[in-house]
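These are the residues of each chain, in order.
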Amino acid sequence: MEIEKNNVIGLTFELKVSKTENDIESVPFSVEVRDQDDPFYFVFGNSGLPEKFEELLAGKKKGDSFSFVIEANDAYGQPDEELILNIPKSHFSKERGFSPEMLQEGNFLPLIDDNQLPMQAKILKDQGTDLLLDFNHPLVGFDLHFEGEVLTIRNASKEELATGLVEGAN
């Protein structure tokens, strides 16, 4: 079976990222490893992943290895300054589930959007009564370097197609 739309795919991979600034590319560094004990599962065509990622996996078979780079503009794009906002610290109270330790610069805050979907924001700066938060995707501006193997391919269930969530996968 070849990877195609509406399949559930299980992968192992290592994701490394790099960034080009002032025409100098940084050395790729590892940010995520998914091995055979903890594979990554997704519904092909309904994953929410960059289209280029799926495009480069299309047609692969179980046992095939892969290695490719997705440039930032084909991955999560470039930072959007409109997604960097000052938010009053009072929005992040103990009553709302936030501890002082969570409100440190560099941390990612687990949040819920207006549609009750999980999201996150990185704390760029504590400005006293406000926090400067970055709502851009954590991998925005980075080239993505993937190396891995296709572990499983199967047809998605009706529920998986409807939700994009894989049954029984962690």
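The rules behind each value
- Residues numbered from 1 in each chain as written.
- Predicted model: local features only at pLDDT ≥ 70, side-chain atom pairs only at ≥ 80, totals over all residues.
- Heavy atoms only, no water.
- Helix = DSSP H or I, 4+ residues; strand = E, 2+ residues; numbered from the N terminus.
- Buried < 20%, exposed > 50% of the residue type's maximum accessible area, 1.4 Å probe, protein only.
- Contact = heavy atoms within 4.5 Å.
- Areas by Shrake-Rupley, 256 points an atom, 1.4 Å probe, with all protein chains shown as cover.
- Lys, Arg positive; Asp, Glu negative; His and termini not counted.
- Charge placed at Lys NZ, Arg CZ, Asp CG, Glu CD.
- Phe/Tyr/Trp six-rings, centres within 6.5 Å; stacked < 30°, edge-to-face > 60°.

**Quick notes on the overall build of the protein**
Within the protein, the regular secondary structure consists of two helices and 11 strands. Its helices and strands taken in sequence order, the protein reads β-β-β-β-β-α-β-β-β-β-β-β-α from the N to the C terminus. When the 170 residues of the protein are sorted by exposure, 34% land in the buried category. Sequence-distant contacts, at least 24 apart, represent 64% of the contacts inside the protein between residues at least 6 apart. Just so you have it, the protein exposes about 10800 Å², and 47% of that area is on carbon and sulfur atoms. Taken together, the 15 basic and 33 acidic charged side chains of the protein have centroids lying 4 Å from each other.

**Overview of the packing of aromatic side chains**
We describe a pair of aromatic rings using the distance from one ring centre to the other and the angle between the two ring planes. A complete count under the given rule lists 11 aromatic pairs for this structure. Here Phe13 and Phe40 contribute two aromatic rings whose centre-to-centre distance is 5.8 Å and whose plane-to-plane angle is 85°, an arrangement assigned as edge-to-face. Here Phe13, found in strand S1 (residues 7-18), pairs with Phe40, found in strand S5 (residues 40-43); they are 27 residues apart in sequence, far enough to count as distant. Neither residue differs from the other here; Phe13 and Phe40 are each classed as buried. Judged by centre distance (5.9 Å) and plane angle (55°), the rings of Phe42 and Phe53 are tilted. A residue pair is termed long-range when its members are at least 10 positions apart, and Phe42 in strand S5 and Phe53 in helix H1 (residues 51-57) qualify at 11 residues.

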